[in-house]
Amino acid sequence: MRGAIERHVAQASQLIIWLLLRFLFFFFGRLEVRGWGMIQQIPSRSFIVIANHASFFDPFLISHLFPLSTKSFPFRYPAFPSHYYSWKRFFMWMLGSYPVYKYEGLEKSLHKSLTILKHQERILLFPEGKIKKRGRMRNARRGVSYLAAHTGVPILPCFIEGF
């Protein structure tokens, strides 16, 4: 029951943000998407989107790229627990985030992610682990390959530049 509530709250808040971003980019911004065919070929069942992490806005920007007509909402994404011990806790939960704990082993750390994927939902992951402003990309952490190997879901790679 709790998972269903989380999913519906995240779906509603992400759809509101999606509409707001469509409006803003239509009038004020420019966004270029390469490889649009890959996005259209993604099935409506569960999948993993991976991307570099350039700013706090990345989850919203990436979810904005998916058409509203697909059943791709909501995107769920893990975040470090430090985001849940501050004023951001309620907003993080509303937007579909959930805590992931480091140093507990992959099976325990990614248990919630596995559950989400097994319930035919979508996850957005940033394999570098942290926001990286400029310079070389960090090495990817092994959680993405662990999730893909244990669930068999497709992975859609994304790269954010200039935002």
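It should be noted that the structure appears before, not after, this text.
Notes on the structure follow. Model, not experiment: these values are computed from the prediction. (Residues numbered from 1 in each chain as written. Predicted model: local features only at pLDDT ≥ 70, side-chain atom pairs only at ≥ 80, totals over all residues. Heavy atoms only, no water.)

## Looking at the overall build of the protein chain
Item 1. Helices and strands together make up the secondary structure of the protein chain, namely 7 helices and 5 strands.
Item 2. The secondary structure elements of the protein chain, listed N-terminal to C-terminal, are α-α-β-α-β-α-β-α-α-β-α-β.
Item 3. Within the protein chain, the proportion of its 163 residues that are buried is 40%.
Item 4. Summing over all exposed atoms, the protein chain offers an accessible surface of approximately 10,200 Å²; the carbon and sulfur share of this is 61%. (Helix = DSSP H or I, 4+ residues; strand = E, 2+ residues; numbered from the N terminus. Buried < 20%, exposed > 50% of the residue type's maximum accessible area, 1.4 Å probe, protein only. Areas by Shrake-Rupley, 256 points an atom, 1.4 Å probe, with all protein chains shown as cover.)

## Concerning helix H6 (residues 111-118)
Item 1. For H6, the set of buried residues is Ser113, Leu114, Ile116 and Leu117. Around the axis of H6, the buried residues are gathered within 160° of arc, so they sit on the same side. Structural note: H6 exposes His111 and Lys118 on the side pointing more than 90 degrees away from its buried face.
Item 2. Positive phi shows up at Gln120, right after H6, with a value of about 65°. (Arc of directions from axis to C-beta.)

## Considering the environment of Ile62
Item 1. Mapped onto the secondary structure, Ile62 falls in helix H3 (residues 58-64).
Item 2. Note: C-alpha distance between Ile62 and Val49 (13 residues apart in sequence) is 8.7 Å.
Item 3. Ignoring anything within four residues of it in the chain, the contact list for Ile62 reads Val49, Ala51, Leu124, Phe126 and Ile160. (Contact = heavy atoms within 4.5 Å.)

## Some details on the environment of Leu110
Item 1. As for its placement among the helices and strands, Leu110 is situated in the loop between helix H5 (106-109) and H6.
Item 2. By relative accessible area, Leu110 is classed as buried at 9%.
Item 3. Linking Leu110 and Leu147, residues 37 residues apart in sequence, is a C-alpha distance of 7.7 Å.
Item 4. With near-sequence residues (within four places) excluded, Leu110 lies in contact with Val100, Gly143, Tyr146 and Leu147.

## Section: the packing of H6 against helix H7 (residues 143-151)
Item 1. It is the contact of H6 with H7, at a shortest axis distance of 10 Å, that shows an interaxial angle of 40°. With respect to each other, H6 and H7 are oriented oblique. Relative to H7, H6 is oriented so that their crossing is right-handed. Residue-level contacts link Ser113, Leu114 and Leu117 of H6 to Tyr146, Leu147, His150 and Thr151 of H7.
Item 2. Of the residues in the contact of H6 with H7, the class split is 4 nonpolar, 3 polar and no charged. (Axes fitted to C-alpha atoms, helices over the stretch in contact; angles between N-to-C directions. Parallel < 35°, antiparallel > 145°, perpendicular 65-115°, else oblique. Left-handed = near helix turned anticlockwise from the far one by under 90°. Nonpolar A, V, L, I, M, F, W, Y, C, P; charged D, E, K, R; others polar.)

## Focus: the nonpolar core
Item 1. With 16 residues, the main nonpolar core has Val49, Ile62 and Phe66 as its most contacted residues.
Item 2. Breaking this core down by element, the ones donating at least two residues are helix H1 (2-28), strand E1 (48-51) and H3.
Item 3. Ranked by the residues each element gives to this core, the list is headed by H3, at 3 residues.
Item 4. Membership of the second largest hydrophobic core comes to 14 residues, among which are Ile50, Tyr98, Tyr146 and Val153. (Core = buried A, V, L, I, M, F, W, Y, C linked by side-chain atoms within 4.5 Å.)

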